[in-house]
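Chains, contacts and geometry: an overview
Here are the chains, one letter per residue:
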Amino acid sequence: MAALRATPEATSAHCDLEEFGLVEKTEPAHPYAGPPLRRLIDFMMTRRGTTLRSLIRSGPGTRDLRFPRVPGDNQWAAYLFHLKLLVAGPAVAVRERLYHRWQRAGSLTRSPGWNVAHVESLRASQLAALPACIHLIREAATTEAEYALGLYGLRLFAVRFYRQQQIAASDLDLSDPTMTIPELASATRTEALATCDQEMAGWIHATEATIASLERQLDGQETTEA
């Protein structure tokens, strides 16, 4: 509450998250500042902070902010909520461990309905959520160049998550689900890098490198299977 009162332009505030039980670690809070599109690129490329567990300011910008319903994989509902929250306004980071999460067997995020059992289920949920994400990027962008940057960032975000889930599920289908959405299929890194500053370019390069590493790992799995 004090952080929100001290930052009138902020929509939300979140703190460090301490996990205990099956997992013991602390996830630090991360501020999301600057224009809306920068906040989205920051989240999609770095996925830092614990904004899902935020204190949210009541007001016109958050009146319709609700956890969305996405068929199939619940994780995409969470990601869509993150993006909605960051379009609504800046997020303040309170660097104190005020949220304690008990990681235990049988909890929501360790249930069969949360983690993807089949990549086809993930593909279906992504394809349902991505158009809504594109709409948010259009809302956040002030120019066509910013829109192109946002689309490329969303494409990288979706592909990275998809590759990570493929490895976890041992599914070797290397097709790219984003290529079925015209806006994302036409997004190029050339347009994206022409628009962003050095810090954002660094986030993009790091994400591209992560995806390349994941794809090499998948290719190695496929070779081993063969």
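Scroll up for the structure.
Structural notes, computed from the coordinates. Each chain carries its own residue numbering, running from 1 in the direction its sequence is written. With pLDDT at 70 or above as the cut-off, local features in this predicted model cover only qualifying residues; side-chain atom pairs require 80 or more to be listed or tallied, and sums for whole chains, interfaces and linings still use all residues. As a rule here, side-chain values cover all heavy atoms of the structure and leave hydrogens and water aside.

For any two helices packed against each other, the geometry comes down to the angle between their axes and how far apart the axes lie. Axes here mean lines fitted to C-alpha atoms, for a helix over just the part in contact, with angles spanning 0 to 180 degrees between N-to-C directions. Where helices and strands are cited, they refer to DSSP runs of H or I of at least four residues and of E of at least two residues respectively, numbered from the N terminus. Interhelical geometry of helix α2 (residues 36-46) versus helix α5 (residues 144-169) gives an angle of 20° and a closest axis separation of 9 Å. As summarised for this structure, α2 and α5 are arranged roughly parallel, according to the angle between their axes. With respect to the hand of their crossing, α2 and α5 are arranged in left-handed fashion. Each of Leu-37, Ile-41, Phe-43, Met-44 and Met-45 in α2 lies in contact with α5, whose residues at this interface are Glu-146, Leu-149, Gly-150, Gly-153, Leu-154, Leu-156, Phe-157 and Arg-160. Orientation categories follow fixed angle ranges, with anything under 35 degrees roughly parallel, anything over 145 roughly antiparallel, 65 to 115 roughly perpendicular, and all other angles oblique. The crossing is said to be left-handed when, going from far helix to near helix, the turn is anticlockwise and less than a right angle, and right-handed when the turn is clockwise. Contact definition: two residues touch when any of their heavy atoms are within 4.5 Å.

A word on the pattern of salt bridges. When their charged atoms lie close together, side chains carrying opposite charge are able to pair. By definition, a salt bridge exists where a carboxyl oxygen of Asp or Glu is found within 4 Å of a side-chain nitrogen of Lys or Arg. Under the defined criterion, the tally for this structure stands at ten salt bridges. The closest approach of N and O atoms between Glu-19 and Lys-25, which form a salt bridge, is 3.8 Å. Residue classification places Glu-19 among the buried positions, given a relative accessible area of 6%. Lys-25 gets classed as partly exposed once you look at its relative accessible area, which sits at 46%. One salt bridge in this structure joins Arg-48 and Asp-42, with 3.2 Å as the shortest N-O distance. Assessed through its relative accessible area of 35%, Arg-48 is described here as partly exposed. It is possible to trace a salt-bridge network through shared partners that takes in Glu-19, Lys-25 and Arg-101. To sort residues, take the accessible area from a 1.4 Å probe on protein chains only and compare it with the maximum for the residue type: under 20% means buried, over 50% means exposed, and anything in between is partly exposed.

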